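Here is what each chain is made of, one letter per residue.
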Amino acid sequence: MSSQPPIGEIQSAVHSAPGVPVIKSVNWEGLRTLYIKEVRRFFKVQLQTVWAPAITTLLFLIVFTIATGAKSPVPVDGRIVDFADFIAPGLIIAQGMMGPAFANASFSLLAGKMQGTIVDYLQPPLSTGELLAALVGGAITRAVIVGIVVWAAMALYPGVHVTPHAPLAIVWFGLLGATFLALLGVLTSIWADKFDHAAAVTNFVIAPLSLLSGTFYSVDKLAPAFRAFSHANPFFYIISGFRYGFLGIADSPVMIGGIVILMIDLVLATLCYRLLKSGWKLKN
């Protein structure tokens, strides 16, 4: 007699045809594993990834408040606020949160491409959405940690008031701002072929947009042409809305700014998703 099992038993043992994914829903375990990997990666070098940007942001605050005077008046939306109180929220979100979010998200895939370990991201049984969510989630986590550290230090700094006025606005613009830079980081890591390309985006795109966003000045003082440029800068809406969360005043309508940044995040997320799914410059 043949030792082969009946055909019916063989067919019942095959759960899915070759090439057909077995995981029908969200792979929560895989998503959690990749997210933890991203968080542990930057925590292993936390002196560089957490404390360095936090100290740099505080140095900005110290230098500018000493140079101009913490009590120097700044007119915003018809009110006068101290200069230190004015720049503190912008420094938290722009320097303390969005910068680290971009750095974290732009490193993972690019390092994999450079070191030949990109297969570690592409081979596991993760969908494109799960891969993108883990990368962005890790970047947002780093941004939130650095932001909290900077906020806590500023709360202890004399002459600076960072007591929350509208916590919902702080959370909304903080998370949307970090997501915005995280998605830009993923997009950069997909496009870049070497670390110089990512550095070029940081130096010639991220840094100018951040510095020309109203972090250190009120756009009401600008000439009409420069004011129009500021209103075309997504960083402006993020910083203005985040500042509203602490001071209760903003250079632009908070609701409009929140919707604008949400729409931009959705467009960037869609673009990143399609590029990851196509494997452009990753699988080719």
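**Describing the environment of alanine 103**
On the secondary structure map, alanine 103 appears in helix H4 (residues 83–115). Note: C-alpha distance between alanine 103 and arginine 274 (171 residues apart in sequence) is 22 Å.

**A word on the pattern of salt bridges**
For the structure shown, the criterion picks out 5 salt bridges. Among the ionic pairs, arginine 32 bridges to glutamate 29, the shortest N-O distance being 2.9 Å. Highlighted residues: arginine 32 and glutamate 29, both in helix H2 (residues 28–43), separated by 3 residues, approximately one helical turn. A salt bridge links arginine 41 to glutamate 38; the nearest nitrogen and oxygen atoms lie 3.2 Å apart. Of the two residues, arginine 41 and glutamate 38 are both situated in helix H2; the distance of 3 residues between them amounts to about one turn of the helix. We classify arginine 41 as partly exposed; its relative accessible area is 22%. Overlapping salt bridges bring together Lys37, Glu38 and Arg41 as one network.

**As for the packing of aromatic side chains**
Summed over the entire model, instances satisfying the criterion amount to 8 aromatic pairs. The interplanar angle of 15° and the centroid separation of 6.3 Å between the aromatic rings of phenylalanine 60 and phenylalanine 64 together place this pair among those described as stacked. Of the two residues, phenylalanine 60 and phenylalanine 64 both sit in helix H3 (residues 46–68), 4 residues apart, roughly one turn of that helix. With a relative accessible area of 26%, phenylalanine 60 lands in the partly exposed category. Residue phenylalanine 64 is classed as partly exposed on the basis of its relative accessible area of 28%. Plain terms: the ring middles of phenylalanine 236 and tyrosine 237 are 5.2 Å apart, the flat faces sit at 70° to each other, and that makes the pair edge-to-face. Look at phenylalanine 236 and you get buried, because its relative accessible area is 1%.

**Section: H2**
Spacing of three or four residues puts side chains on the same side of an α-helix, whose turn is 3.6 residues. For H2, built from 16 residues, the straight-helix expectation of 22 Å at 1.5 Å per residue is met to within 8% by its first-to-last C-alpha distance of 22 Å. Gly30, Leu31, Leu34, Glu38, Val39 and Phe42 are the residues of H2 that are buried. Residues of H2 that are buried sit in contact with H3, H4, helix H5 (119–122) and helix H6 (128–156).

**A word on the nonpolar core**
Membership of the largest hydrophobic core comes to 74 residues, with the highest contact counts inside it found for Met154, Leu181, Val186, Phe242 and Leu276. Excluding anything up to four places from it in sequence, valine 186 contacts Ala105, Leu132, Leu135, Val136, Cys272 and Leu276.

**Describing the pairing of strand S2 (residues 79–82)**
For strand S1 (residues 73–76) and S2, the ladder comprises 4 bridges, and the chain directions are antiparallel. What sits directly across from valine 76, in S2, is arginine 79. Adjacent in sequence and paired antiparallel, S1 and S2 are bridged by 2 residues, among which aspartate 77 carries a positive phi angle near 55°.

**Things to note about a nonpolar patch on the surface**
Taken together, the side chains of Leu47, Trp51, Ile55 and Leu59 define a hydrophobic patch exposed on the protein surface, amounting to about 440 Å² of accessible area. Inspection of the secondary structure assignment puts isoleucine 55 in helix H3.

**Looking at the packing of helix H7 (residues 167–191) against helix H11 (residues 254–278)**
Look at H7 against H11: their axes get within 9 Å of each other, and the N-to-C directions meet at 25°. With respect to H11, the axis of H7 lies roughly parallel. The hand of the H7/H11 crossing is left-handed. Tallied by class, residues from the contact of H7 with H11 come to 19 nonpolar, 3 polar and 1 charged.

**A word on the layout of surface pockets**
Taken as a whole, the largest pocket encloses approximately 470 Å³ of empty space. Lining the largest pocket are 22 residues, and of these Gly99, Phe102, Ala103, Thr202 and Ile206 lie nearest its centre. Counting only elements with at least two residues in the lining of the largest pocket, the list comes to H3, H4 and helix H8 (195–211). The greatest single-element share of the lining of the largest pocket, amounting to 10 residues, is contributed by H4. When grouped by side-chain class, the residues that make up the lining of the largest pocket number 16 nonpolar, 5 polar and 1 charged. The computed volume of the second largest pocket comes to approximately 270 Å³. In this structure, the second largest pocket is lined by 13 residues; those nearest its centre are Met97, Gly147, Ile148, Ile170 and Phe242.

Parameters at a glance
- Residues numbered from 1 in each chain as written.
- Predicted model: local features only at pLDDT ≥ 70, side-chain atom pairs only at ≥ 80, totals over all residues.
- Heavy atoms only, no water.
- Helix = DSSP H or I, 4+ residues; strand = E, 2+ residues; numbered from the N terminus.
- Salt bridge = Lys/Arg side-chain N within 4 Å of Asp/Glu carboxyl O.
- Buried < 20%, exposed > 50% of the residue type's maximum accessible area, 1.4 Å probe, protein only.
- Phe/Tyr/Trp six-rings, centres within 6.5 Å; stacked < 30°, edge-to-face > 60°.
- Expected span 1.5 Å × (residues − 1).
- Contact = heavy atoms within 4.5 Å.
- Core = buried A, V, L, I, M, F, W, Y, C linked by side-chain atoms within 4.5 Å.
- Pairing = 2+ DSSP bridges.
- Patch = residues over 30% accessible without salt bridge, like charges linked within 9 Å, V, L, I, M, F, W, Y side chains within 5 Å.
- Areas by Shrake-Rupley, 256 points an atom, 1.4 Å probe, with all protein chains shown as cover.
- Axes fitted to C-alpha atoms, helices over the stretch in contact; angles between N-to-C directions.
- Parallel < 35°, antiparallel > 145°, perpendicular 65-115°, else oblique.
- Left-handed = near helix turned anticlockwise from the far one by under 90°.
- Nonpolar A, V, L, I, M, F, W, Y, C, P; charged D, E, K, R; others polar.
- 1 Å grid on protein atoms, 1.4 Å probe; cavity = no way out; pocket = protein on both sides within 12 Å on 5 of 7 lines; lining within 4 Å.
- Points joined across faces, edges and corners; volume = space filled by probe spheres on them.

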